[in-house]
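# Structural overview for review
Residue-level listing of the chains:
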Amino acid sequence: MTWYQTPGTALVTGASSGIGAEYARQLAERGWDLALVARRAERLTALADRLREHTGAAVETLVADLARPADLARVEARAAADDVTLLVNNAGINGYGPFAEADPALLTKVLHVNVVVPTVLTRAAVPGMLTRGRGTVVNVASLLAFAGDLPPGPLPHRAVYAGTKGFLVTFTRTLAAELAGTPLHVQVVCPGLTATEFHLTSGDAPVPGEERVHDDGGMAASDVVTASLAALDSGEAVCVPGLREAEAVDRLAAAELALREGSGRSLAPRYRTVASSDIGG
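Residues numbered from 1 in each chain as written. Predicted model: local features only at pLDDT ≥ 70, side-chain atom pairs only at ≥ 80, totals over all residues. Heavy atoms only, no water.

- The name given to the chain in an unreviewed UniProt entry is SDR family oxidoreductase, with the source organism recorded as Streptomyces albidocamelliae.
- Listed in UniProt under the heading Sequence similarities (unreviewed entry), the comment for the chain reads: "Belongs to the short-chain dehydrogenases/reductases (SDR) family." (UniProt positions renumbered as here; feature names shortened; annotations may be inferred.)

### Some points on the nonpolar core
- Judged by nonpolar contacts, the single largest core of 31 residues is most densely connected at Tyr23, Leu27, Leu34, Leu36, Leu51 and Val88.
- For this core, the elements supplying multiple residues, two or more each, are strand 1 (9–13), helix 1 (18–29), strand 2 (33–38), helix 2 (41–55), strand 4 (84–89), strand 5 (135–140) and helix 6 (221–233).
- In this structure, leucine 34 is in contact with Thr9, Ala10, Ala24, Leu27, Ala28, Leu51, Ala58, Val59 and Glu60, ignoring residues within four places of it in sequence. (Core = buried A, V, L, I, M, F, W, Y, C linked by side-chain atoms within 4.5 Å. Buried < 20%, exposed > 50% of the residue type's maximum accessible area, 1.4 Å probe, protein only. Helix = DSSP H or I, 4+ residues; strand = E, 2+ residues; numbered from the N terminus. Contact = heavy atoms within 4.5 Å.)

### Notes on the state of the cysteines
- Under the criterion given, the structure shown has 0 disulfides.
- With no disulfide of its own, cysteine 190 has cysteine 239 as its nearest cysteine by sulfur position, at a separation of 8.0 Å.
- Here cysteine 190 falls in the buried class, since its relative accessible area comes to 0%.
- For cysteine 239, a relative accessible area of 5% gives the class buried. (Disulfide = S-S within 2.5 Å.)

### So, the sheet that holds strand 2
- Spatially, 3-2-1-4-5-6-7 is the arrangement adopted by the 7 strands of the open sheet, whose pairing is parallel. One side of each edge strand has no neighbouring strand; the edge strands of this open sheet are strand 3 (59–63) and strand 7 (238–239).
- Where strand 6 (residues 184–189) and strand 7 come together, 2 bridges link them in parallel fashion. Across the sheet, valine 188 pairs through a bridge with valine 238, a residue of strand 7.
- Across the face of the sheet, helix 5 (residues 159–178) comes into contact with strand 5, strand 6 and strand 7 while running at roughly 155° to strand 6.
- Of the strands in this sheet, strand 5, strand 6 and strand 7 touch helix 6, which is tilted by about 145° from strand 6. (Pairing = 2+ DSSP bridges. Axes fitted to C-alpha atoms, helices over the stretch in contact; angles between N-to-C directions.)

### Quick word on the packing of helix 1 against helix 6
- Remark: helix 1 packs on helix 6, axes separated minimally by 9 Å, with the N-to-C direction vectors making an angle of 55°. Relative to helix 6, helix 1 is oriented oblique. The crossing of helix 1 and helix 6 is right-handed. Only Ala221, Ser222, Val224, Val225, Thr226, Ser228 and Leu229 of helix 6 make contact with helix 1, whose side of the interface consists of Gly18, Ile19, Glu22, Tyr23, Gln26 and Leu27.
- Here the contact of helix 1 with helix 6 is built from residues that sort into 7 nonpolar, 5 polar and 1 charged. (Parallel < 35°, antiparallel > 145°, perpendicular 65-115°, else oblique. Left-handed = near helix turned anticlockwise from the far one by under 90°. Nonpolar A, V, L, I, M, F, W, Y, C, P; charged D, E, K, R; others polar.)

### Considering the packing of aromatic side chains
- Tallied over the entire structure, the rule returns 4 aromatic pairs.
- Ring centres of phenylalanine 167 and phenylalanine 171 lie 5.5 Å apart, and the angle between their planes is 5°; this geometry places the pair in the stacked category. With a gap of 4 residues between them, phenylalanine 167 and phenylalanine 171 both fall in helix 5, about one helical turn apart.
- An aromatic cluster is present here, built from Tyr96, Tyr161 and Phe198 joined pairwise through their rings. (Phe/Tyr/Trp six-rings, centres within 6.5 Å; stacked < 30°, edge-to-face > 60°.)

### Things to note about a nonpolar patch on the surface
- A surface patch of nonpolar side chains, amounting to about 240 Å² of accessible area, comprises Leu143, Phe146 and Leu252.
- On the secondary structure map, leucine 252 appears in helix 7 (residues 247–262).
- For leucine 252, a relative accessible area of 32% translates into the label partly exposed. (Patch = residues over 30% accessible without salt bridge, like charges linked within 9 Å, V, L, I, M, F, W, Y side chains within 5 Å. Areas by Shrake-Rupley, 256 points an atom, 1.4 Å probe, with all protein chains shown as cover. Salt bridge = Lys/Arg side-chain N within 4 Å of Asp/Glu carboxyl O.)

So this is what it looks like as structure tokens:
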């Protein structure tokens, strides 16, 4: 069964703007009902009203700050419900800034929202999906997961943020391998610069007012989501929207294999055990 053959309810986090809101729009147009999660009640309500009017989808809103344990617990329970057949872990914050100067509390929040939350929600959703024999998980990471030792300028100071997105890439790819042969589909999406409001705040508080975008340009959120859904249609576990060479992902996997096969060999031939005779025993 393809992931979209029988739409159910899609739970989308970070749904009040940008990529999350675009997932909500495109999924509703494909016939999915929605459970939308975000901190901004007015934004969620307005989006839900538009989607109900234009698509006829059933849209539920869950106002939640996922950095708060009680709010996460509510969303975790919703992710485990029988009707959820698609989970989109889109919520994330950046915490950009020089590591030595960043607020430790903000960095802890970045780790919680970007790593703990998608792990908890995926763990809540997957067992039921396996029991029911269908389900899909999409984790939204970032091209910065592959930025490695590239210096800031023009890239942001991003040590913790990039690390969290690297976690999502590894977590998703490894989970996809674990679930190979089951009816479940697992994907990680790694967009580059996207025209959203993401860069207008470090994540300590949501952007107030009407939805807007930063001045740095980037790919349209609609193109990111279109690429993600098309990649799901073709069964791709890693989606890099706008990637010119699709083989680049295969080369990454090949490089990883070469590292694994070329490391971990015993160093014993380079050393010898000291015998008792050598020390006059």
